[in-house]
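# Structure assessment
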Amino acid sequence: MQPVGFIGLGVMGGPMAGHLLSAGWPVTVWARRPESARPLEAQGARVAPDPASLAREVETVVLCVNRSEDVHSLLDSLLPALPPRFLVVDHSTIAPAAAREAHARCSQSGGAFLDAPVTGGSMGAQKGTLTVMCGGEPDVFNRAKPVMEPYSARIERVGGPGAGQTTKAANQIAVAGSLIGLCEALAFARKSGLDLETTRALLASGAAGSWAMDNYGPKVVERDWSPGFSIKNQRKDFEYVVNTAQETEAAVPATQLVDALLAKLDEAGHGEWATAALFEALLGMGFEK
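Residues numbered from 1 in each chain as written. Predicted model: local features only at pLDDT ≥ 70, side-chain atom pairs only at ≥ 80, totals over all residues. Heavy atoms only, no water.

All right, on to the packing of aromatic side chains then. For any pair of aromatic rings, the description rests on two quantities: the centre-to-centre distance and the angle between the ring planes. For the coordinates displayed, the defined rule picks out two aromatic pairs. Consider the rings of W211 and Y216, whose centres lie 5.3 Å apart with planes at 85°: the pair is edge-to-face. Given the relative accessible area of 42%, W211 is considered partly exposed. Aromatic pair W225 and F279: ring centres 6.4 Å apart, planes at 40°, arrangement tilted. (Phe/Tyr/Trp six-rings, centres within 6.5 Å; stacked < 30°, edge-to-face > 60°. Buried < 20%, exposed > 50% of the residue type's maximum accessible area, 1.4 Å probe, protein only.)

What follows is the structure, given as structure tokens:
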């Protein structure tokens, strides 16, 4: 097991790096917020003072950050310091076009890049049961797969550069549909005087059952909007979906509707709430009497 660098230690990346350490991988981490690294340091990780220092210690770097701009900013620091034949595995959700650009940059610098966004939420990261959608060449995927196994239940190569991010965009389209289905059904039940937990349990046991119903449904019943996955981050992903859909002339009306509803909460200062708070936006709406 060769040393691995890990950058991005938030609600997803922190547990993922922890699973690598538990599996015996030597891990060096760097975080913009030093407090994010402390639990991993206690678990045995080495903490680098900056990205370039991390890059000089490892051949493989795993990223789990927020936006396309964050990935390319880190590459600015990493690429001059990484050794020949380096590998960058990017678990961030970014634009497919930005992923293809990152592939080209790493190739030109003598290394390789794998766009490998994940799905499964913070619970999947904590349990080590994430699904990983990978875009890149087969040899790069095979090289990266052992690093990803400690925190993943399923790892698939779905195509060449950018294909992982395109698949993640399709995933977020499906997430939008299941999210509004869950929240609309339970808002309707609430306004109709039904017991929410009984309704949720019954719906979950039949044709309306879904990952959202099982995992977000209890949060709606409790009106617990602690992330989880925040409205702000979900809207960032929807931005990439809509931009990619425009490039490919695909229709994504449900995604655009959910984004518009979440925007109401975001603009009201609730961008850090969990996405299931869409329930609140729907609860405030209805047919005019």
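Picking up after the structure, the text goes on.
Counted under the stated rule, the structure contains 14 salt bridges. Here R200 makes a salt bridge to E197, at a shortest N to O gap of 3.1 Å. Of the two residues, R200 and E197 are both situated in helix 9 (residues 196-204); the distance of three residues between them amounts to about one turn of the helix. Of the residues examined, R200 reaches a relative accessible area of 12% and is grouped as buried. Notably, a salt bridge pairs D224 with K219, separated by 3.6 Å at the nearest N-O pair. Take D224: its relative accessible area is 31%, and that puts it in the partly exposed class. Classification of K219 by relative accessible area gives buried; the value is 15%. (Salt bridge = Lys/Arg side-chain N within 4 Å of Asp/Glu carboxyl O. Helix = DSSP H or I, 4+ residues; strand = E, 2+ residues; numbered from the N terminus.)

Time to look at the pairing of strand 6 (residues 112-115). The side chains of a regular strand alternate between the sheet's two faces. Of the two faces of strand 6, the one lined by A112 and L114 and the one lined by F113 and D115 are each fully buried. Bridge analysis of strand 5 (residues 87-90) against strand 6 gives four bridges, and the strand direction is parallel. Following the sheet pairing, V88 is matched in strand 6 by F113. Following the backbone out of strand 5, through helix 5 (residues 96-108) and into the adjacent parallel strand 6, one traces a crossover that is right-handed. (Pairing = 2+ DSSP bridges. Right-handed = clockwise from strand over helix to strand, strands pointing away.)

Another point: the nonpolar core. Among the nonpolar cores identified, the biggest contains 34 residues, and F6, M16 and M148 are the most heavily contacted of them. Breaking this core down by element, the ones donating at least two residues are strand 1 (4-7), helix 1 (13-22), strand 2 (27-30), helix 2 (34-43), strand 5, strand 6, strand 8 (130-135) and helix 7 (138-148). With five residues, the top contributor of residues to this core is helix 7. Each residue touching F6, except ones within four places of it in the same chain, is listed here: G13, M16, A17, L20, V27, T28, V29, W30, L54, V62 and C64. (Core = buried A, V, L, I, M, F, W, Y, C linked by side-chain atoms within 4.5 Å. Contact = heavy atoms within 4.5 Å.)

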